[in-house]
Structures are given as C-alpha cells and as structure tokens.
Amino acid sequence: MKVYITKSEATGKNIVVDDMILTTDMPTTAGSKMLDGYMSLFEAQAVTALKENGYTICGKANTGEFNLDLLGETSHFGPCEENGVLKGAAAQTVKMGDAMAAVTLEVNGSSARAAALAGLVMMKPTYGTVSRFGTIPAACSGETVCVTAADVDTVKEVLTALKGHDDKDGTSLPQEKCVLGQAMPAKKVAVAKSLLTADADTLAKVEAVKAKLIANGVEVVEIEAEQLLLAKSAWNILMSAELCNNVSKYDGVKYGYRTPNYTNIDELYTNSRTEAFGYLTKSTVLFGSETLSEANYFKVYDKAQRIRRVISEYLTAVFAEYDAILAPVCSKTEYTVEETAANKYMAYEESTYTAPSMITGIPVVVTGGVQLMGAPLSDAALLAMAETL
Amino acid sequence: MDIKTLSRLQKLNQLNLTETEENELMAFFEKAEKDAEILASVDTENVERMVYVMPMTNIIREDIAKKVFTRDQLQEQAPEAMDGYWQVPRLVE
C-alpha cells in the first residue's frame, strides 16, 4: 500500500500533509511524474503554522495527480490500495495511527470521500480562512486546505492552528473572519433530497445521522435542492479551466520532468508534458482549454460562473432557514482500482456530492460517513453539530 | 467535438494523446456537452458572474523588498542549466 511519498522520523504531535503542500525538507510531487523529486525553496503557510504551534510533519501522503481524482488512483507512484480497494493515503495515515491529523488540499472531493469511507472526521473550512500560500495550485477558486482526524476535537485543534489571515494569499479573509469561535446549538437541518442518490448502505448512514440529530432535538426537514445538481457540471468546467492555466507552466525547462526525446523546442515541451502527465490530467487540461476557447467561453465558462452564483444564492436562502444541509459524500461505501481503471471519469461523476461546497466555498464537516454543509463562516457551528453526533 | 478540434487542442496545449485516449476523451466531451446543455437551460441573463466565492477587497501592500532567491537557488532543479542560463535546444539556426 503506497501511503507515503516521503516518511519522516518525526515524533510528537504528528501531522501528515499531502503531496500538494510544499515543504522544504521533503519533496513535493503533486502525485505527478512532472514533479517527481521536486524540492521547494519555500514551505506552505499551513506547514509554517503547524510548526509554530508545536506540531511536527511526519511525512508527505501520496495523492492523485493534482488531487483531481476519486481517491488517489492516478498517482504516478501508484494508488494507496488494500486488496484492490482504494484508500485515501492521507486518511489512511490517521487510520493507522501514524498521524493525529492529515492536512490536505481538497480540489475535487477526494479528501472528503477518503474520510467518509474511513469513518473519520474531516473539515473543509470556509474558503479563505486557511492560507493556500505554498500549495500547488490546481483549481484556485475553490480548492481549500482541510483537516482529517479521528475525532472532532482534534480537527478543531488543528484547524485552530491553521486558520488565520495571510498577506501572502490574495484570497485570504480578514483575521476576524478566520477565527473559529463559539457556536450556538443547531435547531434545524435540511436533508438534500436531490443528493440522496447513493446506494442503500450510504443512505443508511444518512438515516443514522438524521436519527441522531432528531434525538438531539434538531428539527430535520427534507428539501428538494435541485439546484445543487447543477454544481457538478459547473465545477468540472471551472476546475478544468483553472487547471489548464495552472499546469501550463510545466514545460520541462525551468524545473520538473524533461523528456530525453527531443530534437527541437516544440518536441521538448510536448514530449515532456505528454510523458509526465497522466491521462486524467491531460484530459482535464484539454477539456478546460476547450471551455476557454473563443467558441465556448461565453456559452460554457462564463455560464458556469453565473451558475456558481445561482447555487450560491440558493444556498444563502437555504441557510437563512436551516443550520446545515445533510447529504451523502459519495455514492458507495467502497471503490476499487479496477472500477476506476474502467471508468477514468468516476471522480467527475462522484463530484455530484462534493461540488456544491467546492464551487461555493462553503464549509463542510464529514462525520459518520456523511457530510453537513453550512453557511460561509459557520465552521464552528458545523463542528459543534458534529460533536453531538 | 471532432478529431480535428481535438488535434488542435492537443497542439495548443502541447500534449499528445494516443488513439485510444482520443476516443475516450471524445466520449467524455459528448457527455460534457449534454451536461452543458442542462446548464444552458438555466436562465442566467440577469445573474452576474461569480468569480470569487467570498467577498474580496483589493489589498495594497507596502513596496518593501523581502527575501528573494538567488539565481543559483532557482536553477538548482533545472533539468539543464549552464553559466546561469536555463538550457533549451537551439531556437534559431
């Protein structure tokens, strides 16, 4: 099982960071042959914040290439799997007890899925409350540094260390908005009926959480939430377009992989990128490029940006009435290497459940194998709710 | 999506796909086009684009020089470098 790209001998308050987060004492690869062995000259603000708060980085967890995939199956270094069943590597380090928490960059839902399948607690905080400085950019307008641990208290503790304004991140929110703070108990939770498309075992987890909420005196109401179904396509468009731009710098000249097979500069660029990127990255780049073409820019890319607002405004209306939305994180309780090899776009399809929060930047807590989405800056309330479950 | 457009995209992005990959991607494009049609059916005429998910304000910082990396540091991981230059194949004959 390929869990680590690099394992450190660190002992103490161990945190594993995924291989999208820059460190200066260990390589950072983004799960890609393009960055195999790449040593950064500077570290991510998340790493600095963890060190300043007394944590040690015990290793770099294996990731899918640029974290676009389902559960790390596209890593150049091989998937993290057990008997053919995919395990998210960062979540696996927590499950094994190597690390008290995992800090990862959520791009397309892989961290949430891994936590849900492993029975761990994970929080994707409100966009802009944890610095993205020093993370390898893939889909900047939604990607967020998140925390996975065995319990809510640990997630809260690590998140408190990570949160804060950072001048080096242009999307960082003012300090007063980054503070986790205290929260009132939840009174009303909505269940998104449109997302109840998972298998029976997963839906049973939703029912179990729903029952606990009701037992805790929370009113649980089913809502249609059809608008959330638009998020998958819109996020795939925006994510692909942003990835296309973000990986255009990898050309085999200044750093990263350079092909030995070239006779001129065009062959150097093309063969370096062709040999170094995996299929999912290549197809995402090409799809993103097409959405940004003259013929499609307004029809597809611009439309996706407007759809983002439609979903965001819908969620604002929902959160005016409800404290959270309860939904599955994925459609099944297990995914195999074989399945993802047969359907390379499985991550796109499964993002039905994770895209609503990715495209709008709202916070999410994963617990009991399901997710609770909340209004922007309601992170503390979501954690408090998870604590009661 | 047709093969001519896909070839153009590959050239633009300096990426090559195998024939099997091209066929897989064209099938994905067809599916994505159907998804895009669903988005197109949503009336967004009076909806503004949402570029940033959280309200952003422009931040102006003091123009103070901070730690910078030396050329040697920056070229440490160059696939090929010589005398302070990144090396590429000859561009002009």
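Use the structure listed above.
Since this is a predicted model, take the numbers as computed values, not measurements.

Colleague: For this particular structure, what's the right way to read the pairing of strand β3 (residues 56-61) of chain A?
Modeller: Two faces make up the sheet, and in a regular strand the side chains alternate between them. All names here are of chain A. For β3, the tally of buried residues reaches five of six residues, placing the bulk of the element in the interior. Bridging between strand β1 (residues 4-7) and β3 involves three bridges; their strand directions are antiparallel. Bridge pairing links Lys 7 to Gly 59 in β3. Where strand β2 (residues 14-18) meets β3, five bridges bridge the pair, whose relative direction is parallel. In the sheet register, Val 16 faces β3, and the bridge partner there is Gly 59. In the classification by handedness, the crossover that spans β2, the intervening helix α1 (residues 45-52) and the parallel β3 is right-handed.

Colleague: Explain helix α4 (residues 152-162) of chain A to me, please; I cannot follow it from the model alone.
Modeller: Each α-helix turn comprises 3.6 residues. Residues three or four places apart therefore point the same way. All names here are of chain A. Within α4 the residues assigned to the buried category are Val 152, Thr 154, Val 155, Val 158, Leu 159, Ala 161 and Leu 162. Of the surrounding elements, those touching the buried residues of α4 are β2, α1, β6 (101-106), β7 (121-124), β8 (144-149) and α13 (379-387). The N-terminus of α4 is capped by Asp 151, whose side-chain oxygen sits 3.2 Å from the backbone nitrogen of Asp 153. The positive-phi residue at the C-terminal boundary of α4 is Gly 164, with phi of around 155°.

Colleague: What exactly am I supposed to notice about the sheet that holds β2 of chain A here?
Modeller: Backbone hydrogen bonds hold the strands of a sheet together, and the pairing may be parallel or antiparallel. Residue and element names in this part refer to chain A. With mixed pairing, eleven strands are arranged side by side in an open sheet as β1-β3-β2-β6-β8-β7-β12-β13-β11-β9-β10. Each edge of the open sheet carries a strand with a single partner, namely β1 and β10 (219-223). Going from strand to strand, the sheet's axes swing by 25° on average, the running direction of each strand aside. Packed on one face of the sheet, α4 meets β2, β6, β7 and β8 and runs near 150° to β8.

Colleague: Sorry, what's going on with helix α1 (residues 3-12) of chain B here?
Modeller: Taken together, the buried positions of α1 of chain B are occupied by Thr 5, Leu 6, Leu 9 and Gln 10 of chain B. Projection of α1 of chain B onto a plane perpendicular to its axis shows the buried side chains occupying an angular sector of 140°, all on one side. Counted as exposed and oriented over 90 degrees from the buried face of α1 of chain B: Lys 4, Lys 11 and Leu 12 of chain B. Here the buried face of α1 of chain B lies against α9 (279-291) of chain A together with α2 (19-40) of chain B. Phi turns positive, to about 50°, at Gln 14 of chain B, one or two residues after α1 of chain B.

Colleague: What exactly am I supposed to notice about the pattern of salt bridges here?
Modeller: When their charged atoms lie close together, side chains carrying opposite charge are able to pair. Residues and elements named next belong to chain A. Applying the stated criterion to the full structure yields 17 salt bridges over all chains. Lys 13 serves as the salt-bridge partner of Glu 157, at 3.8 Å between the closest nitrogen and oxygen. Of this pair, Glu 157 sits in helix α4 while Lys 13 is found in the loop between β1 and β2, placing the two residues 144 residues apart along the sequence. The residue Lys 60 makes a salt bridge to Asp 19 at a minimum N-O spacing of 3.3 Å. Within this pair, whereas Lys 60 is found in strand β3, its partner Asp 19 is found in the loop between β2 and α1, the two being separated by 41 residues in sequence. You can call Asp 19 buried: its relative accessible area is 0%. Each of Glu 207, Lys 210 and Glu 222 takes part in salt bridges that share partners, so that together they form one network.

Colleague: Explanation requested: the interface of chain A and chain B in the structure shown.
Modeller: Reports often express the size of an interface as the amount of accessible area lost when the parts come together. Counting from both sides, the interface comprises 65 residues of chain A and, opposite them, 46 residues of chain B. Note on chain A versus chain B: buried area summed over both sides is about 5,000 Å², and carbon and sulfur give 65% of it. At the surface where chain A touches chain B, the tally comes to four salt bridges. Taken together, the elements giving at least two residues each to the side of chain A that touches chain B come down to α7 (231-246), α8 (265-276), α9, α10 (297-321) and α12 (346-360) of chain A.

About the thresholds
Along each chain, the written sequence defines residue order, and numbers are assigned to residues from 1. Starting at A for chains and at 1 for ligands, labels are handed out in the order in which the entities are written. At least 70 in pLDDT is required for a residue's local features to be given in this predicted model, at least 80 for side-chain atom pairs to be given and counted, and no such filter applies to totals for whole chains, interfaces and linings, which use all residues. With hydrogens and water stripped out, all remaining heavy atoms of the structure feed into the side-chain values. Only protein chains enter the accessibility calculation, which uses a 1.4 Å probe; a residue whose area is less than 20% of its type maximum is buried, one above 50% is exposed, and one in between is partly exposed. Helix and strand definitions here come from DSSP, where helices need a minimum of 4 consecutive H or I residues and strands a minimum of 2 consecutive E residues; each element is numbered from the N-terminal end. Two strands make a pair as long as DSSP finds a minimum of two bridges between them. Handedness of a crossover: with both strands directed away from the viewer, a clockwise path from the first strand across the helix to the second marks it as right-handed. Residues are treated as being in contact if the distance between any of their heavy atoms lies within 4.5 Å. Polar contacts here mean pairs of N or O atoms no more than 3.5 Å apart (in protein, one a potential hydrogen donor and the other a potential acceptor; neighbouring residues in sequence count only if both atoms are side-chain atoms). Only the stretch in contact is used when a helix axis is fitted, and all axes are lines through C-alpha atoms; the angle between N-to-C directions ranges over 0 to 180 degrees. Comment: arc refers to directions from the helix axis out to C-beta atoms. Salt bridge, as used here: a side-chain nitrogen of Lys or Arg that lies within 4 Å of a carboxyl oxygen of Asp or Glu. Here the quantity called buried area is the total loss of accessible area, with a 1.4 Å probe, experienced by two parts when brought into contact, counted for both.

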